[in-house]
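Chain by chain, the residues run as shown.
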Amino acid sequence: MPEPGDALLAVRAGEGDEGAFEMLVRRHGPSLLRLATRLLGSRTDAEDAVQDAFVNAWRRIPEFRGDASFSTWMYRIVTNRCLNILRARRPTQDLGSVPEPPAPEHASSPVRAAESQAAVRALSDAMQGLTPEQRACWVLRELQGLPYEEIAEIVGSTHQAVRGRVFRARRYLTEAMSSWR
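Remember, it's a predicted structure, so these values are computed and weren't measured experimentally.

### As for the pattern of salt bridges
Here is step 1: Following the criterion strictly, the structure yields 8 salt bridges and no others.
Here is step 2: A salt bridge links R81 to D52; the nearest nitrogen and oxygen atoms lie 3.3 Å apart. Of this pair, R81 sits in helix 4 (residues 70-88) while D52 sits in helix 3 (residues 43-60), and the two are 29 residues apart along the sequence.
Here is step 3: The class of R81 is partly exposed, set by a relative accessible area of 31%.
Here is step 4: The salt bridge partner of R65 is D67, with a shortest N-O separation of 2.8 Å.
Here is step 5: Assessed through its relative accessible area of 68%, R65 is described here as exposed.

So, in structure tokens, the structure goes:
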């Protein structure tokens, strides 16, 4: 028997079915944790943000109307939580702790692995120069692969504003990473 869809689970959760909400958490938790880790640069902070987001979602699930998909709704909650954390951070916060596994072909070459790790650190450092909004839009587009329309819905902005933020983030990161070309 196939598992129920998100819409049905959300309706059941809105009626107080904890098991339905638990299925949604298991289904969407890993991708939300990856998003939060990429936005915050810290697995611990990301776990806290996602946990807070799910607690918030459980409280607000009766308000979920299904205008957007459940995953979009959760992306928005997690992104907003991460943006609040980023805005509260001091600007000198080190983002170099983003864990990125080396590409498989680099695993056999220590030199290539070191270069990859250095490039990831450089990108993490460069991302400090982005505004929280630019960082969120860039991560959602470039790392999560979401369409502009969905990103606009998640961050509560217009399609054009999201395109502009992604464009400015790309331009800034391209310039900041020019020595790695």
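### Brief notes about the packing of helix 5 (residues 110-127) against helix 8 (residues 159-176)
Here is step 1: For the pair helix 5 and helix 8, interaxial distance at closest approach is 10 Å and the crossing angle is 130°. Classified by the angle their axes make, helix 5 and helix 8 are oblique. Crossing handedness for the pair helix 5 and helix 8: right-handed. Facing helix 5, whose interface residues are L123, A126 and M127, helix 8 presents Y172, L173 and A176.

### So, helix 3
It helps to recall that an α-helix has 3.6 residues per turn; residues three or four apart then point in one direction.
Here is step 1: Its 18 residues place the ends of helix 3 25 Å apart at the C-alpha level, agreeing with the 26 Å of an ideal helix rising 1.5 Å per residue.
Here is step 2: All buried positions along helix 3 are accounted for by A46, A49, V50, A53, F54 and A57. With its buried residues spanning 135° around the axis, helix 3 presents them on a single face. In helix 3, the exposed positions angled more than 90 degrees off the buried face are occupied by T44, Q51 and R59.
Here is step 3: Along its buried surface, helix 3 packs onto helix 2 (18-40) and helix 4.

### Notes on the nonpolar core
Here is step 1: Grouped together as the largest cluster of nonpolar side chains are 50 residues, with contacts concentrated most on F70, W73, M74, V78, L140 and V162.
Here is step 2: Examining the composition of this core, we find that 10 residues originate from one element, helix 4, more than from any other.
Here is step 3: Non-local contacts of M74, meaning those with residues more than four positions away in its chain, are made with L32, A53, F54 and A57.

Reading the values: the criteria
Residues numbered from 1 in each chain as written. Predicted model: local features only at pLDDT ≥ 70, side-chain atom pairs only at ≥ 80, totals over all residues. Heavy atoms only, no water. Salt bridge = Lys/Arg side-chain N within 4 Å of Asp/Glu carboxyl O. Helix = DSSP H or I, 4+ residues; strand = E, 2+ residues; numbered from the N terminus. Buried < 20%, exposed > 50% of the residue type's maximum accessible area, 1.4 Å probe, protein only. Axes fitted to C-alpha atoms, helices over the stretch in contact; angles between N-to-C directions. Parallel < 35°, antiparallel > 145°, perpendicular 65-115°, else oblique. Left-handed = near helix turned anticlockwise from the far one by under 90°. Contact = heavy atoms within 4.5 Å. Expected span 1.5 Å × (residues − 1). Arc of directions from axis to C-beta. Core = buried A, V, L, I, M, F, W, Y, C linked by side-chain atoms within 4.5 Å.

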